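Listed here are the chains, written in short residue letters.
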Amino acid sequence: MEITAAIAKNIGTELAVELVNLDEPQANEILVKIVSAGICRTDIDVRDQYIKTPLPVVLGHEGAGVVVKVGAAVTKVTIGDHVVLSLSSCGECEKCKIGLPSYCIQHVALNFGGSRLDGSVCLHNHEGDIHSHFFGQSSHASYAVVNQTSVIKVSQTADLKYLAPFACGIMTGAGGILNTLKPEPGTSIVIYGMGAVGLSAVMAAKIAGCSMIISVDISEKRLKLALEVGATHVLHGDRDDLVQTVLQMTSGRGANYAFESSGVKKVMTSALNVIQENGICILTGVLPAGSTVEFDAWNLLRGRTIKGSIMGDCVPEIFIPKMIRFYEEGRFPVDKMMKFFSLEDINTAVTESLSGETIKAVITF
Ligand SMILES: [Zn+2]
Ligand SMILES: [Zn+2]
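Residues numbered from 1 in each chain as written. Chains lettered and ligands numbered in written order. Predicted model: local features only at pLDDT ≥ 70, side-chain atom pairs only at ≥ 80, totals over all residues.

Undergrad: It is not clear to me how the overall build of the protein should be interpreted in this structure. Could you clarify?
TA: Each helix and strand in the protein was counted, giving 11 helices and 18 strands. The C-alpha atoms of the protein give 20 Å as radius of gyration, which agrees with the globular expectation for 365 residues (21 Å, within 12%). Considering only C-alpha atoms, the protein reaches an extent of 65 × 40 × 35 Å along its principal axes. Per-residue burial over the protein gives 51% buried out of 365 residues. Relative to all contacts within the protein whose residues are 6 or more apart in sequence, the contacts with residues 24 or more apart total 69%. (Helix = DSSP H or I, 4+ residues; strand = E, 2+ residues; numbered from the N terminus. Rg over C-alpha atoms; globule rule 2.2 N^0.38 Å. Buried ≥ 20, exposed ≤ 12 C-beta atoms within 10 Å, placed from the backbone. Contact = placed C-beta atoms within 7 Å.)

What follows is the structure, encoded as structure tokens:
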């Protein structure tokens, strides 16, 4: 069938919105009419080839839509179901079996390979084949043929327009708190970087019952939003006395927890220095492979933990519906950080995401 898709053709150049041909779903695949699709930093990093997926490719790894057709072997959804499209996993390996599909042994091939595991693609145009199946979906398109492991059935009552970012950015922030960290009620946490991940972490920390939630960012606009969604205190990230200030705010001992989402080296170091003895620091921000971050080894010796977290350390099929329930109950106001664009305006959405003008850009169809 003929669909409209945004194609990343060359390193660093604008995405091309064009008509392309989409093949029929195979036995384990699902044809989804896309209603909304988020733009995440990973899409832009692949366009710019900081992360390697072969070009030309249709990106998009936060999809939401309606099931139109199912392959012969698919039993998890039927036509008309509302679905969110998240990461793809094999379902068979040790990590998948223990409920950590973001560490699946096939993670790179299934999500960044630009094709099915057998090397075939489902998108073509007059110039030839286009790489597909990015995160099992390639959802920057009006329709997508999706690997069934990426498909999560969700509530029919929630507006699909708002659900796409639950698939990655929101899941990374909220899951980093509720699954990786699991803070006890009444504890203190410092959350760095008020993008989609950090703001979702703030909302999740409030749900978890943290009594002191300190948000750090360099944008006053974002700090204001952080206060609206659950932060109890905000601090400007440029101040030199940031660590000292947090220590003063927490009886001189430091916070129970820190959560880092900016991916800036010196911010990571700061996050490691604001936690108290036996405290835990979660890192979700992305630095290029091989990067190193400095920390005081004595500080670490005093019982502190540094832990990375990918895509919220969750089983998306369980965690995404749970987050949507929080959203429908009004406890998780993630729509406050979204701005909507048409597919034709996807390059504006990318530019505004990079400049920070827009926190969470979502393409609607
Ligand atoms: Zn993402
Ligand atoms: Zn696996």
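Undergrad: What am I meant to see in unusual backbone geometry here?
TA: Peptide bonds are trans in most cases, and residues, glycine excluded, mostly fall at negative phi. Between L55 and the following residue, P56, the backbone shows a cis peptide bond with an omega angle of -10 degrees. Along the chain, P56 turns up in the loop between helix 1 (41-47) and strand 4 (57-58). A positive phi is found at Q49, a non-glycine position, where the angle reads about 65 degrees. Inspection of the secondary structure puts Q49 in the loop between helix 1 and strand 4. Judged by C-beta crowding, with 14 C-beta atoms within 10 Å, Q49 ranks as partly exposed.

Undergrad: Looking at this structure, how should I read the packing of helix 4 (residues 169-181) against helix 5 (residues 196-208)?
TA: Between two packed helices, both the angle of their axes relative to each other and the distance between the axes serve to describe the pair. Relative to each other, helix 4 and helix 5 sit at 40 degrees, their axes nearing to 7 Å. Put simply, helix 4 runs oblique to helix 5. The element helix 4 and its partner helix 5 pack so that their crossing is right-handed. Only A196, V197, G198, L199, S200, A201, M203, A204, A205 and A208 of helix 5 make contact with helix 4, whose side of the interface consists of G169, I170, T172, G173, A174, G176, I177 and L178. Class assignment of the residues belonging to the contact of helix 4 with helix 5 gives a composition of 12 nonpolar, 6 polar and no charged. (Axes fitted to C-alpha atoms, helices over the stretch in contact; angles between N-to-C directions. Parallel < 35°, antiparallel > 145°, perpendicular 65-115°, else oblique. Left-handed = near helix turned anticlockwise from the far one by under 90°. Nonpolar A, V, L, I, M, F, W, Y, C, P; charged D, E, K, R; others polar.)

Undergrad: When you look at helix 10 (residues 316-328) in this model, what are you seeing that I'm missing?
TA: Its 13 residues place the ends of helix 10 18 Å apart at the C-alpha level, agreeing with the 18 Å of an ideal helix rising 1.5 Å per residue. Listing the buried residues of helix 10 in full gives P316, F319, I320, M323, I324 and Y327. Considered in projection along helix 10, the buried side chains sweep an arc of 135 degrees and stay on one side of the axis. For helix 10, the secondary structure elements touched by its buried residues are strand 6 (82-85), strand 10 (151-153) and helix 4. Where helix 10 ends, the next residue or the one after it, G330, has phi of about 80 degrees, a positive value. (Expected span 1.5 Å × (residues − 1). Arc of directions from axis to C-beta.)

Undergrad: What exactly am I supposed to notice about the domain arrangement of the protein here?
TA: Looking at the assigned domains, one finds that the protein contains domain 1 (2-167 + 333-364) and domain 2 (173-310). Computed from C-alpha atoms alone, the centre-to-centre distance between domain 1 and domain 2 is 29 Å. Residue-level contacts link 11 residues of domain 1 with 12 residues of domain 2. Along the lines of polarity and charge, the residues of the side of domain 1 that touches domain 2 split into 7 nonpolar, 2 polar and 2 charged. (Domains from an automatic or database assignment.)

Undergrad: What am I meant to see in the sheet that holds strand 13 (residues 233-236) here?
TA: Pairing between the strands of a sheet is mediated by backbone hydrogen bonds and can be parallel or antiparallel. Reading across from one edge, 13-12-11-14-15-16 is the order of the 6 strands in this open sheet, with parallel pairing throughout. In this open sheet, the two strands that pair with only one neighbour each are strand 13 and strand 16 (305-308). Sheet twist, expressed as the mean angle between neighbouring strand axes with direction ignored, is 20 degrees. Where strand 12 (residues 212-217) lies against strand 13, 4 bridges are found, and the strand directions are parallel. (Pairing = 2+ DSSP bridges.)

Undergrad: Quick question: what am I supposed to make of the sheet that holds strand 8 (residues 128-130) here?
TA: The strand order 4-1-2-7-8 describes an open sheet built from 5 strands, whose pairing is antiparallel. With partners counted over all chains shown, the strands left at the sheet margins are strand 4 and strand 8, one partner each. Here 6 bridges tie strand 1 (residues 2-8) to strand 2 (residues 16-22), and the two strands are oriented antiparallel to one another. Within the sheet, the bridge partner assigned to T4 lies in strand 2 and is L19.

Undergrad: Can you help me understand the nonpolar core in this one?
TA: Taken as a class, soluble globular proteins show a tendency for nonpolar side chains to be buried jointly. Ranked by size, the top nonpolar core spans 108 residues in total, and within it M171 and V190 carry the most contacts. Residue contributions to this core reach at least three from each of two domains, namely domain 1 (2-167 + 333-364) and domain 2 (173-310). Beyond its immediate stretch of four places on either side in the chain, V190 contacts I214, V216, V246, A255, A258, A271 and V274. (Core = buried A, V, L, I, M, F, W, Y, C linked by C-beta atoms within 7 Å.)

Undergrad: Would you mind going over the environment of R325 with me for this structure?
TA: Among the structural elements, R325 can be located in helix 10. Exposure remark for R325: the 14 C-beta atoms within 10 Å place this residue in the partly exposed category. Taking C-alpha positions, R325 is 26 Å from V70, a pair spaced 255 residues apart along the chain.

Undergrad: I keep staring at the pairing of strand 15 (residues 275-283) and nothing clicks. Help me out?
TA: Two faces, one strand: in a regular strand the side chains alternate between the faces of the sheet. For strand 15, the buried fraction is high: 7 of the 9 residues fall into the buried class. With 5 bridges connecting them, strand 14 (residues 255-260) and strand 15 associate as parallel partners. The partner of A258 across the bridge, within strand 15, is C281. Each parallel crossover has a hand, and for strand 14 linked through helix 8 (residues 265-273) to strand 15 it is right-handed. When strand 15 meets strand 16, the two strands line up parallel, connected through 4 bridges. Bridging across to strand 16, C281 finds its partner in I306. (Right-handed = clockwise from strand over helix to strand, strands pointing away.)

Undergrad: Just to check I follow, could you spell out the environment of V20 for this structure?
TA: By the element assignment, V20 lies in strand 2. A sequence separation of 14 residues divides V20 from A6, and the C-alpha atoms of the two residues are 9.4 Å apart. For V20, the contacting residues outside a window of four places in its chain are I3, A5, L123, H124, N125 and I130.

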